Amino acid sequence: MDRRSFLIAAAVGPMALSSVGGRLADAAEPTTTPVPHEVPLISRAAWGALRPRAGLEPHTPVRLTLHHSGVRLTDNSESPSRVQQHQRWHMIEKGHPDLDYHFVIDRRGHVFQGRNPRFRGDTQTDYDPTGHLLVCCEGDYQGVSGPPQKPTPSMLRSVALVFAAAAQRWEIDPRTLHGHRDYTEMTSCPGGELERLIHNGSLQESVEQFLAAGPVRWRKMPKAEGRAVVHRIESS
Ligand SMILES: [Zn+2]
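Keep in mind that this is a model prediction, so the values were computed, not measured.

Cut-offs used in this document
Residues numbered from 1 in each chain as written. Predicted model: local features only at pLDDT ≥ 70, side-chain atom pairs only at ≥ 80, totals over all residues. Core = buried A, V, L, I, M, F, W, Y, C linked by C-beta atoms within 7 Å. Buried ≥ 20, exposed ≤ 12 C-beta atoms within 10 Å, placed from the backbone. Helix = DSSP H or I, 4+ residues; strand = E, 2+ residues; numbered from the N terminus. Contact = placed C-beta atoms within 7 Å. Pairing = 2+ DSSP bridges. Axes fitted to C-alpha atoms, helices over the stretch in contact; angles between N-to-C directions. Parallel < 35°, antiparallel > 145°, perpendicular 65-115°, else oblique. Left-handed = near helix turned anticlockwise from the far one by under 90°. Nonpolar A, V, L, I, M, F, W, Y, C, P; charged D, E, K, R; others polar. Expected span 1.5 Å × (residues − 1).

(A) Spotlight on the nonpolar core. Counting residues in hydrophobic clusters, the biggest one holds 43 residues, and the most contacted among them are Ile105, Val135, Val159, Val162, Phe163, Ala164 and Val207. Looking at this core element by element, the count peaks at 10 residues for helix H4 (residues 153-170). Here Val135 is in contact with Leu66, His67, Tyr101, His102, Phe103, Ile105, Val159, Val162 and Phe163, once residues within four sequence places are set aside.

Below, the structure is given as structure tokens:
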């Protein structure tokens, strides 16, 4: 399937295609609307983000890029404070206008809203993040600070869902999915344990499966709901 056909099929979904073909063949057959896959987002307000500063640069995401934090996360109850620490590090220490990443995902698959994807992300290495949709997994998948962590199934599912939602929204080809270190020699990010799943095609395949199943949408949780989820994570 060429890219255009793939994107059209991904956009309308297999159920929609079959209902067009079968409309005259069997009028009695019930039509089903695919239930959208949802990506519940913990909003910036819910995790306590700082407001972005001036200096954000608009761009359009055209590729999918995976990162890791490179810091072991063994107790997932710390994930909201880790996201806060990343943002403070990027803004206060590095002088960036906001958290570098567009989404951060913890070990249990919770998705934290980062920089608005309409703005280019940032990096501490030498690649140009313009056009990259940046997703960061909490944890160390390289073994920078001890044995490498293994990605969890719930984290990988959320990674694939977030990339699928972005692929649908901006018509991004899932074949653009790469790891940070595919663009620069300055880092091992997102770590061998995640890079392996990019190079063997399994992560791209998961994204394509969500796309083929129908719509994938972000759902930004209302602040109170998001705060309750953050509280649950912190006390788990
Ligand atoms: Zn990275």
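What follows continues from the structure just given.
(B) Broad picture of the sheet that holds strand E7 (residues 216-220). Across the sheet, seven strands lie side by side as E6-E2-E5-E3-E4-E1-E7; this open sheet has mixed pairing. The open sheet is flanked by strand E6 (178-179) and E7, the only strands paired with a single partner. Taken together, the two bridges between strand E1 (residues 37-42) and strand E4 (residues 111-113) define a ladder with parallel strand orientation. Paired with Leu41 across the bridge in E4 is Val111.

(C) A look at the packing of H4 against helix H6 (residues 202-212). With their axes 8 Å apart at the nearest point, H4 and H6 run at an angle of 60 degrees to one another. As far as their axial angle goes, H6 and H4 are oblique. Regarding H4 and H6, the two cross each other, and that crossing is right-handed. For the pair H4 and H6, contact is made by Leu156, Val159, Ala160, Leu161, Phe163, Ala164, Ala167 and Gln168 and by Leu203, Ser206, Val207, Phe210 and Leu211, respectively. Among the residues forming the contact of H4 with H6, the class breakdown is 11 nonpolar, two polar and no charged.

(D) Spatial organisation of the pairing of strand E5 (residues 132-137). Burial within E5 is extensive, with six of its six residues counted as buried. On E5, burial covers both faces: His132, Leu134 and Cys136 on one face and Leu133, Val135 and Cys137 on the other are all buried. Note that strand E2 (residues 63-68) and E5 share six bridges and pair parallel. Bridging from a neighbouring strand, Leu66 pairs with Val135 of E5.

(E) Quick peek at unusual backbone geometry. Cis geometry marks the peptide bond from Cys189 to Pro190, where omega comes out at 10 degrees. Examined against the element boundaries, Pro190 turns out to sit in the loop between E6 and helix H5 (192-199). Although it is not a glycine, Glu171 sits at a positive phi angle of roughly 55 degrees. Relative to the assigned elements, Glu171 resides in the loop between H4 and E6.

(F) Seen up close, H4. Taking 1.5 Å as the rise per residue, H4 with 18 residues should run 26 Å; its terminal C-alpha atoms sit 26 Å apart, in good agreement. Looking at H4, one finds that the buried residues are Met155, Ser158, Val159, Ala160, Leu161, Val162, Phe163, Ala164, Ala165, Ala166, Ala167 and Gln168. In the stretch just after H4, Glu171 is the one whose phi turns positive, near 55 degrees.

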